[in-house]
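So you can see what is in the structure, the chains are spelled out below.
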Amino acid sequence: MNFTDDRILNAIAAILIVISFSVMMILLYGGYAPGIESGHPFEYLRATIVMCTLVSLVIPLLRIAGLVKFPWWFSLIIIGNVYFYAISLFCGFYLDISWWGNTAHAISSMVVGIIVFASLCMIQTYSPGHVNLGSVYSILMLQFIICVAFGGIWEIMEGYTDIIVGKSYMVYGAWDSILDVRSDAAGALIISIMGYFILKKHSVEEVAKSIKLLRRIKY
Amino acid sequence: MNSTIGHAVSVIILIAATILGLVNGDFMIVVVSVIPAVLTAALSFRSVKTPMRCDVLLILSVLIFISAVLVMYPLEYNGMSRNIWAYMVGTVMAVMSFSAAAITMRSFSIFGNSSFNWVLIGSFLPFFSLGIYVLGWASLSFLDAADLDSGAILQVEMVEGMMTVLVLSIIGGLILSRIAKRKHIVLSAEYFEVSE
């Protein structure tokens, strides 16, 4: 597939993202969002849909701008995760199904773990010679701890959102947050284990080179 | 680090943390203390000769932690504001987790034969510090839920503690990376001489 075809595909993906989230917004305004009945405030769902639209558009727009080309599976799991979060909130699964929140956190942590893993492989491959992340185990340990830290950053974001707006939109107590970070750690661990098996079959360079930095930001 | 000093420091950390944990009925102290204790022991088992200032920094941070907990716990139980308590815990934890992060990176540079330049030191340390701190909270999830629901730990303590750790470790990481850049330090096995 050449560059122009790829750009067209990403443009189509961007349009589909905007349309699908617009449908969700129309359903929300029309009173057809089950999440409202479950207890999520209207303005919270509206803000979530807007944010998820913007986040989902990042990867296609980067490609259209000619900055980064990710493997299709990489783009799919990232955008899929954003949809997973938005649809779960829209349908009220986080409040209606007891295990949903923890599972969602573990899945999101796995997605972050994949991104961190790929980034570390790229740092290792493209850094100057005197910079070395070390053995496979060092890379996996780095991936685990950085991924867990991102779970913490998410909790900070949730907590401060509630502190700033003065309402309890995103946080349901200390126990909920602690279970969230435990799920994050579990997700990070799963990706570390998967990363171990990937690096047994492929080299760090092979993983890094499956992600192509385009000319504008490559050095 | 000399192995005798390393083992002694590890044992002191664990004994002090266990006593403090038992006296205050707070398992978190033990959980957090295990990390630097294990790392210190791991480093000393390999008989790694670290520069004296690293050992001094490690021992100082442990002493700061223990003395801070000794001062802070009685303050909390005397009706201190939970918000101030959260920031204080966050600050001490930032010192501890920052120190643990630095030690972890040191151990990486030896065990993994890795070498970090000033850019990676500055960018990885905040993640390390926060990651270790978050793991401490995650380990709390294995304790009795009823204690948490009864308000033993407040949401604000988690969030503001994490924020304090993140902000302080970013500042610490920036300072450390500036020092590393100016002095052309690369954290590597060559910098920390391995005796065997």
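About the thresholds
- Residues numbered from 1 in each chain as written.
- Chains lettered and ligands numbered in written order.
- Predicted model: local features only at pLDDT ≥ 70, side-chain atom pairs only at ≥ 80, totals over all residues.
- Heavy atoms only, no water.
- Helix = DSSP H or I, 4+ residues; strand = E, 2+ residues; numbered from the N terminus.
- Buried < 20%, exposed > 50% of the residue type's maximum accessible area, 1.4 Å probe, protein only.
- Contact = heavy atoms within 4.5 Å.
- Areas by Shrake-Rupley, 256 points an atom, 1.4 Å probe, with all protein chains shown as cover.
- Core = buried A, V, L, I, M, F, W, Y, C linked by side-chain atoms within 4.5 Å.
- Phe/Tyr/Trp six-rings, centres within 6.5 Å; stacked < 30°, edge-to-face > 60°.
- Lys, Arg positive; Asp, Glu negative; His and termini not counted.
- Salt bridge = Lys/Arg side-chain N within 4 Å of Asp/Glu carboxyl O.
- Polar contact = N/O pair within 3.5 Å; in protein donor to acceptor, adjacent residues only side chain to side chain.
- Expected span 1.5 Å × (residues − 1).
- Bend = angle between axes of the 7 residues up to and from the residue.
- Patch = residues over 30% accessible without salt bridge, like charges linked within 9 Å, V, L, I, M, F, W, Y side chains within 5 Å.
- pLDDT = per-residue confidence, 0-100.
- Axes fitted to C-alpha atoms, helices over the stretch in contact; angles between N-to-C directions.
- Parallel < 35°, antiparallel > 145°, perpendicular 65-115°, else oblique.

**Q** Which residues make up the overall build of chain A, and what values do they have?
**A** In terms of regular secondary structure, chain A is built from 9 helices and 2 strands. When its helices and strands are written in sequence order, chain A yields α-α-α-β-α-α-α-α-α-α-β. The buried share among the 219 residues of chain A stands at 46%. In chain A, the share of contacts with a sequence separation of at least 24, taken over all contacts with a separation of at least 6, comes to 75%.

**Q** Lay out the overall build of chain B in plain terms, naming residues and giving numbers.
**A** From N to C terminus, chain B includes 7 helices and 2 strands. Listed by position from the N terminus, the elements making up chain B come as α-α-β-α-α-α-α-α-β. By residue count, 53% of the 196 residues in chain B fall in the buried class. A separation of at least 24 residues holds for 82% of the contacts in chain B among residues at least 6 apart in sequence. Element-wise, carbon and sulfur atoms account for 71% of the exposed surface of chain B, whose accessible area totals about 8,900 Å².

**Q** Now, about the nonpolar core: what can you tell me, with residues and values included?
**A** If you look at the biggest cluster of nonpolar residues, it comprises 26 residues, and the most contacted ones within it are Leu120(A), Leu133(A), Leu142(A), Ile146(A) and Phe124(B). Broken down by secondary-structure element, the contributors of at least two residues to this core are α4 (72–91), α6 (100–126), α7 (136–165) and α9 (204–209) of chain A together with α5 (118–140) of chain B. If you tally residues by element for this core, the top one is α6(A), at 7 residues.

**Q** Residues and numbers for the packing of aromatic side chains, please.
**A** All names here are of chain A. One pass over the structure, following the stated rule, counts 10 aromatic pairs over all chains. Measuring from centroid to centroid gives 4.6 Å for Phe21 and Tyr83, while their planes differ by 25°, and the two rings are stacked. Of this pair, Phe21 sits in helix α1 (residues 3–29) while Tyr83 sits in helix α4, placing them 62 residues apart in sequence. The two residues Phe21 and Tyr83 agree in class, both being buried. Geometrically, the ring pair formed by Tyr85 and Tyr94 is edge-to-face, given 6.0 Å between the ring centres and 70° between the ring planes. For Tyr85, a relative accessible area of 17% corresponds to the buried category.

**Q** Now, about the side chain of Asp184(A): what can you tell me, with residues and values included?
**A** Residue and element names in this part refer to chain A. Examined against the element boundaries, Asp184 turns out to sit in helix α8 (residues 174–201). Of the side chains with opposite charge, Arg182 comes closest to the buried, unpaired Asp184, at an N-O distance of 11 Å. Polar contacts involving the side chain of Asp184 include one to the side chain of His105, which spans 3.1 Å. Residues in contact with Asp184, not counting those within four places in the same chain, are His105, Ser109 and Gly151.

**Q** Talk me through helix α3 (residues 42–64) of chain A; I want residue IDs and the actual numbers.
**A** Residues and elements named next belong to chain A. With 23 residues, α3 extends 33 Å from end C-alpha to end C-alpha; this agrees with the ideal 33 Å at 1.5 Å per step. At Val58, α3 shows its maximal kink, close to 35°; a proline, Pro60, follows between one and four residues later. For α3, the full list of buried residues reads Tyr44, Leu45, Thr48, Ile49, Cys52, Thr53, Ser56, Leu57, Ile59, Pro60 and Arg63. A positive phi of about 75° marks Gly66, the residue just after α3.

**Q** Describe in detail a nonpolar patch on the surface, supporting the description with residues and values.
**A** Residues and elements named next belong to chain A. A cluster of nonpolar side chains, Ile8, Leu9, Ile12, Ile15, Leu16, Ile19, Val23, Leu27 and Tyr32, forms an exposed patch at the surface whose accessible area comes to about 860 Å². Looking at where Ile12 falls in the secondary structure, it is placed in helix α1. Taking relative accessible area as the criterion, Ile12 reaches 42% and is therefore assigned partly exposed.

**Q** A description of the confidence of the model for chain A should follow, citing residues and the corresponding values.
**A** Looking at chain A as a whole, its pLDDT mean stands at 85, while 92% of the residues score no less than 70. Summarising per-element confidence for chain A, the mean pLDDT is lowest in strand β2 (residues 212–213) of chain A (64) and highest in α3(A) (90).

**Q** Outline the packing of α3(A) against α4(A), supporting the account with residue identities and numerical values.
**A** All names here are of chain A. The contact between α3 and α4 brings their axes to 10 Å, and the two run at 170°. When the axes of α3 and α4 are compared, the pair comes out roughly antiparallel. Two secondary-structure elements touch here, α3 through Tyr44, Leu45, Thr48, Ile49, Cys52, Val55, Ser56, Ile59 and Pro60 and α4 through Ser75, Ile78, Ile79, Val82, Tyr83, Tyr85, Ala86, Leu89 and Phe90.

**Q** Got a sec to walk through the environment of Thr48(A)? Specific residues and values, please.
**A** Residues and elements named next belong to chain A. Locating Thr48 in the fold gives a position in helix α3. Judged by relative accessible area, Thr48 falls into the buried class, the value being 8%. In this structure the C-alpha to C-alpha distance between Thr48 and Pro34, which are 14 residues apart in sequence, comes to 15 Å. Among residues more than four places away in sequence, those in contact with Thr48 are Tyr85 and Leu89.

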